[in-house]
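If you want the building blocks of each chain, they are given just below.
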Amino acid sequence: MSDPIRTRHDGGVLEVVIDRPKANAIDLATSRALGLIFRHFRDDPALRVAIVSGAGEKFFCAGWDLKAAASGDAVDGDYGVGGFGGLQELRDLNKPVICAVNGICCGGGLEIALSTDLILAAEHATFALPEIRSGTVADAASIKLPKRIPYHIAMDMLLTGRWLDVHEAHRWGFVNEVLPADRLMERAWELARLLESGPPLVYAAIKEIVREAEGSTFQTAMNKITKRQFATVDRLYSSEDQLEGARAFAEKRSPIWKGK
């Protein structure tokens, strides 16, 4: 049996491809493998940006593998260090992650996409949360989606399981760009290279602030920033990169980011 996850890295970019024909669905073992991959990405200072996609042209990811569930995989089993799909519960992931949706993106596949920072999608991509039809709940999506798009649209998806085409998904704002299928990965890598060239300590601070501020008031979050109570902000404000950014601006040159 081939490896259900393919990876490659080039410079500071890591590409992660879910490859489980026919639907790139995820069982417990695959979820645990993804968690280890993304934990390594988080902890390796040489890696700056990740791209996650699916093999083939029909499916990005159909989510939870119902055939594996019917064979004994428990829905509340051990998904691994990052929770389902390796991303949505991975603590302190302070690096940019791009999702390249190359087809059907439903159920847990959509929850994986919602756990990334930027979503690019091919023109034939479609999105849904069909868990209602199999008698279960789209748990992570029930938490995240109403915060990302209008409440009534999110509830429509959750309560009816209806499908959105890529243009409606883009209109509601959870897809950043719609692209021809043959341009999808090229654009994902263009964007990854742009982010790779940016300041990693600033990215880390942005991600921690956004993540932690979601559950607090504006003033509480601002106070934690100004008092350097976020670890990433404290590190940034004491870093060589902070000084380099100011010097580069004053000297009218491009900064050289060292991540320290």
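Residues numbered from 1 in each chain as written. Predicted model: local features only at pLDDT ≥ 70, side-chain atom pairs only at ≥ 80, totals over all residues. Heavy atoms only, no water.

### What to know about the nonpolar core
Convention followed: Put simply, buried Ala, Val, Leu, Ile, Met, Phe, Trp, Tyr and Cys residues joined by side-chain atoms within 4.5 Å make one nonpolar core. Working definition: with a 1.4 Å probe on protein chains only, accessible area under 20% of the residue-type maximum means buried, over 50% means exposed, and in between means partly exposed. Counting from the N terminus, the helices are the DSSP runs of H or I reaching at least four residues and the strands are the DSSP runs of E reaching at least two.
The biggest cluster of nonpolar side chains holds 47 residues, and the ones touching the most others in it are Val101, Leu110, Phe127 and Phe174. The greatest single-element share of this core, amounting to 5 residues, is contributed by helix α1 (residues 28-43). Among the nonpolar cores identified, the runner-up in size contains 15 residues, and Val49, Ile51, Ile98 and Leu195 belong to it.

### Some points on the sheet that holds strand β4 (residues 59-61)
Threshold: Strands were regarded as paired on the criterion that DSSP finds at least two bridges between them.
Sheet architecture is open: 4 strands sit in the order β4-β6-β8-β9, paired in mixed fashion. A strand with exactly one partner marks an edge of an open sheet, and here the two such strands are β4 and β9 (164-165). For strand β8 (residues 126-128) and β9, the ladder comprises 2 bridges, and the chain directions are antiparallel. The partner of Phe127 across the bridge, within β9, is Leu164.

### A closer look at the pattern of salt bridges
Heads up, the rule is: When a carboxyl oxygen of Asp or Glu is within 4 Å of a side-chain nitrogen of Lys or Arg, the pair counts as a salt bridge.
Throughout the structure, instances matching the rule amount to 19 salt bridges. Ionic pairing is found between Asp10 and Arg193, a salt bridge with its closest N-O pair at 3.1 Å. You can see Asp10 sitting in strand β1 (residues 5-10) and its partner Arg193 sitting in helix α7 (residues 184-196), a full 183 residues away along the chain. A relative accessible area of 31% places Arg193 in the partly exposed class. The salt bridge partner of Arg253 is Glu251, with a shortest N-O separation of 2.6 Å. Exposure remark for Glu251: the relative accessible area of 49% places this residue in the partly exposed category. Each of Glu177, Arg183, Glu186, Arg187 and Glu190 takes part in a single network of salt bridges with overlapping partners.

### Overview of the packing of helix α4 (residues 139-148) against helix α5 (residues 151-160)
This is how the line gets drawn: What counts as an axis is a line fitted to C-alpha atoms, over the stretch in contact for a helix, and the angles between N-to-C directions run from 0 to 180 degrees. In this scheme, roughly parallel covers angles under 35 degrees and roughly antiparallel covers those over 145, while 65 to 115 is roughly perpendicular and the rest are oblique. By convention the crossing between two helices is left-handed if the near helix lies anticlockwise of the far one by an angle smaller than a right angle, and right-handed if it lies clockwise. In this analysis, two residues are considered to be in contact whenever any of their non-hydrogen atoms come within 4.5 Å of each other. Each residue gets one label: Ala, Val, Leu, Ile, Met, Phe, Trp, Tyr, Cys and Pro are nonpolar, Asp, Glu, Lys and Arg are charged, and the others, such as Gly, are polar.
Packing of α4 against α5 leaves a shortest axis separation of 8 Å and a crossing angle of 155 degrees. For the element pair α4 / α5, the angle class is roughly antiparallel. α5 is crossed by α4, and the crossing has right-handed handedness. Between α4, through Ala141, Ser142, Leu145 and Pro146, and α5, the contact on the second element is made entirely by Tyr151, Ala154, Met157 and Leu158. In terms of residue class, the contact of α4 with α5 is made up of 7 nonpolar, 1 polar and no charged.

### Thoughts on helix α11 (residues 240-250)
Counting along an α-helix, one turn takes 3.6 residues, and residues three or four places apart therefore face a common direction. Stated formally: Starting at the helix axis, one direction is taken to each C-beta atom, and the arc is that of these directions. By the criterion applied in these results, polar contacts are pairs of N or O atoms within 3.5 Å in which, for protein atoms, one can donate a hydrogen and the other can accept it, and in which residues neighboring in sequence qualify only through two side-chain atoms.
Turning to α11, its buried residues number three or more, namely Asp241, Glu244 and Ala248. Buried residues of α11 fall within an arc of 50 degrees about the axis and therefore sit on the same side. The exposed residues of α11 that point more than 90 degrees off its buried face are Phe249 and Ala250. The backbone nitrogen of Asp241 lies 3.4 Å from a side-chain oxygen of the residue at the head of α11, namely Ser239. Where α11 terminates, the next one or two residues include Lys252, which has phi positive at roughly 55 degrees.

### Looking at the side chain of Glu15
Relative to the helices and strands, Glu15 is located in strand β2 (residues 13-18). A polar contact of 2.7 Å, which involves the side chain of Glu15, links it to the side chain of Trp189. In contact with Glu15, other than residues within four places in its own chain, are Arg6, Thr7, Arg8, Ile51, Met185 and Trp189.

### Some thoughts on the pairing of strand β5 (residues 97-101)
Within β5, 5 of the 5 residues are buried, which leaves it mostly tucked inside the rest of the structure. Here strand β3 (residues 49-54) runs beside β5; their pairing, made up of 4 bridges, is parallel. Note on β5: the bridge partner recorded for Ser53 is Ala100. Bridge count for β5 against strand β7 (residues 118-122) is 4 bridges, and the pairing is parallel. Within β7, the position partnered with Ala100 by the bridge is Leu120.

### Quick look at the sheet that holds β3
The pairing of strands in a sheet happens through backbone hydrogen bonds and is either parallel or antiparallel. Reading across the sheet, the 6 strands line up as β1-β2-β3-β5-β7-β10 and stay open at both edges, with mixed pairing between neighbours. Among the strands making up the open sheet, the edge pair consists of β1 and β10 (177-179). Strand-to-strand twist across the sheet, computed as the mean angle between neighbouring axes with direction ignored, equals 20 degrees. The pairing of β7 with β10 spans 3 bridges and is parallel. Note on β10: the bridge partner recorded for Ala122 is Leu179.

In short, the description is geometric, and any link to function would need to be established separately.
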